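What follows is the residue order along each chain.
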Amino acid sequence: MKPSSSLSFHLLLLLLLPQLLMAEYAGGPYQKAPDDDGDKLDKHYYARSCPSFEAIVGSKIAHWHSVDPTLSPGLIRLLFHDCAVRGCDASILLDNPGGERRSPVSATLRGFHVIDDIKAEIERRCPKTVSCADILVAAARDATLMVGGPYWGNVYGRRDGRVSIAQQAEALPKGRESITHLIDFFESMGLDILDLVVLSGAHTVGRATCQSIQYRLYNYTGVPSKSDPSINPRYLNYLKRKCRWPSAYVDLDAATPTKFDNAYYRNLDNRMGLLSTDQLLHSDSRTGPLVAALSSQPMVFVHQFARSMKNLADTMVLEGDEGEIRTNCNFVNEY
């Protein structure tokens, strides 16, 4: 489906979701479709080989969230960076020269030590059994829960990739692309325009470096002292005070930065999108109606975010005899 033809379908879906959710929660005729990805991924994959897998991940994520709550949004972002390059194969975790992790795009990624901690505990309990790719998927889901987001049932059985190339990571969105570019990028991952708008809603939590937006504040379109006219003037003044230094951080959601909610979309209504790509979602005719629907229906956003995150996590995975099960997430196995 092309974006223009799929938009009406997605709008209809968003408008109907409140009624569908009511029927679902009331035990009515609407039922979720069973997990059927047409592949070997299975929600019970580790039921016998490592039954404590998800409990270990949940416990570790709760611990690290208590130590530093900003790690939870970082883990959600880490999953996206993994799945968006070569699929969800834990290639972002490989710490080799010339790998994705060494790319400038990955410089502000966080949470690697959390995955290492989880992996070490799982290796003690279930050696050579659970892939780093599955750990990252489970960790991102539980990190979402920690910030007040929704639960979704993951399927498992991913294998870890052996290849990681920094140049491929350079294709990741950096916050300055056109909506057409973003739509094409998501389609290359097997995701659609609804996934694009909904997964952008992960910016309801987390932060960005001021370096990523300073061009909007001080050098827009290459003109010194010019600011992006699409930014709310009061928000612009705040950002200029906050972002005097490129190394400083600023919340992605100025309204409720530590709460998982649909304020991200309401911010776009008020011209308070931090990244250029955030604000463009509101103004582009292909994505604007979806932003408006999600802005007015908070529970629809929560429900659809779970679905879109599952879509992301099931993208281009390695299975069966492909790849390997790394014993250390930072390095390929030695044979």
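Sequence positions are assigned chain by chain, starting from 1 and proceeding in written order. Per-residue local features are limited, in this predicted model, to residues with pLDDT of at least 70; the limit for side-chain atom pairs, both in listing and counting, is 80 or more; totals at the level of whole chains, interfaces and linings are taken over all residues. The basis for every side-chain value is the complete set of heavy atoms in the structure, and neither hydrogens nor water enter the calculation.

Describing the nonpolar core
Right, so step 1: Within this scheme, the nonpolar core is defined by two criteria: the residues are buried Ala, Val, Leu, Ile, Met, Phe, Trp, Tyr or Cys, and they are joined through side-chain atoms within 4.5 Å. Under the scheme applied here, a residue whose accessible area is under 20% of the maximum for its type counts as buried, over 50% as exposed, and between as partly exposed, the area being computed with a 1.4 Å probe on protein chains only. Phe 53, Leu 78, Leu 93, Ile 115, Ile 122 and Leu 312 are the most contacted members of the largest nonpolar core, which has 77 residues in total.
Right, so step 2: For helices the rule is a DSSP run of H or I covering at least 4 residues; for strands it is a run of E covering at least 2, with both sets numbered from the N terminus onward. If one sorts the elements of this core by residue count, helix H5 (residues 132-146) sits on top with 9 residues.
Right, so step 3: Contacts were defined at the residue level, with two residues in contact if any of their heavy atoms lie within 4.5 Å. Apart from residues no more than four positions distant in its own chain, Phe 53 is found in contact with Tyr 46, Ile 122, Val 130, Asp 134, Ile 135, Ala 138 and Tyr 156.

Topic: the side chain of Asp 284
Right, so step 1: Tracing the sequence through the fold places Asp 284 in the loop between helix H12 (276-283) and helix H13 (288-296).
Right, so step 2: With a relative accessible area of 16%, Asp 284 lands in the buried category.
Right, so step 3: By the criterion applied in these results, polar contacts are pairs of N or O atoms within 3.5 Å in which, for protein atoms, one can donate a hydrogen and the other can accept it, and in which residues neighboring in sequence qualify only through two side-chain atoms. In terms of polar contacts, Asp 284 uses its side chain to reach the backbone amide nitrogen of Arg 286, at 2.8 Å.
Right, so step 4: Discounting chain neighbours no more than four positions away, the residues touching Asp 284 are Ile 179 and Pro 289.

A few points about the packing of aromatic side chains
Right, so step 1: When two rings of Phe, Tyr or Trp (its six-membered ring) have centres within 6.5 Å they constitute a pair, described as stacked for plane angles under 30 degrees, edge-to-face for angles over 60, and tilted for the intermediate range. Summed over all chains, the structure comprises 12 aromatic pairs.
Right, so step 2: Relative to Tyr 238, the ring of Tyr 235 lies with its centre 6.2 Å away and its plane at 15°, an arrangement referred to as stacked. Taken as a pair, Tyr 235 and Tyr 238 lie in helix H10 (residues 233-242) at a separation of 3 residues, close to a single helical turn.
Right, so step 3: Using a relative accessible area of 31% as the deciding quantity, one classes Tyr 238 as partly exposed.
Right, so step 4: By definition, being over a ring means that NZ of Lys or CZ of Arg is both within 6 Å of the ring centre and within 35 degrees of the ring normal. Positioned over the ring face of Phe 112 is Arg 101, at 3.8 Å from the centre of the ring.

Overview of the side chain of Asp 261
Right, so step 1: The topology assignment puts Asp 261 in the loop between strand S2 (249-251) and helix H11 (263-269).
Right, so step 2: Within the buried core, Asp 261 has no salt-bridge partner, and the shortest N-O distance to an opposite charge, that of Lys 259, equals 4.4 Å.
Right, so step 3: Ignoring any residue separated from it by four or fewer positions in sequence, one finds Asp 261 in contact with Thr 204, Asp 253, Thr 256 and Phe 301. This count recognises Lys and Arg as positive and Asp and Glu as negative, with His and chain-terminal groups excluded. Every case where a carboxyl oxygen of Asp or Glu lies within 4 Å of a side-chain nitrogen of Lys or Arg is listed as a salt bridge.

Treat this as a map of the structure, not an account of what it does.
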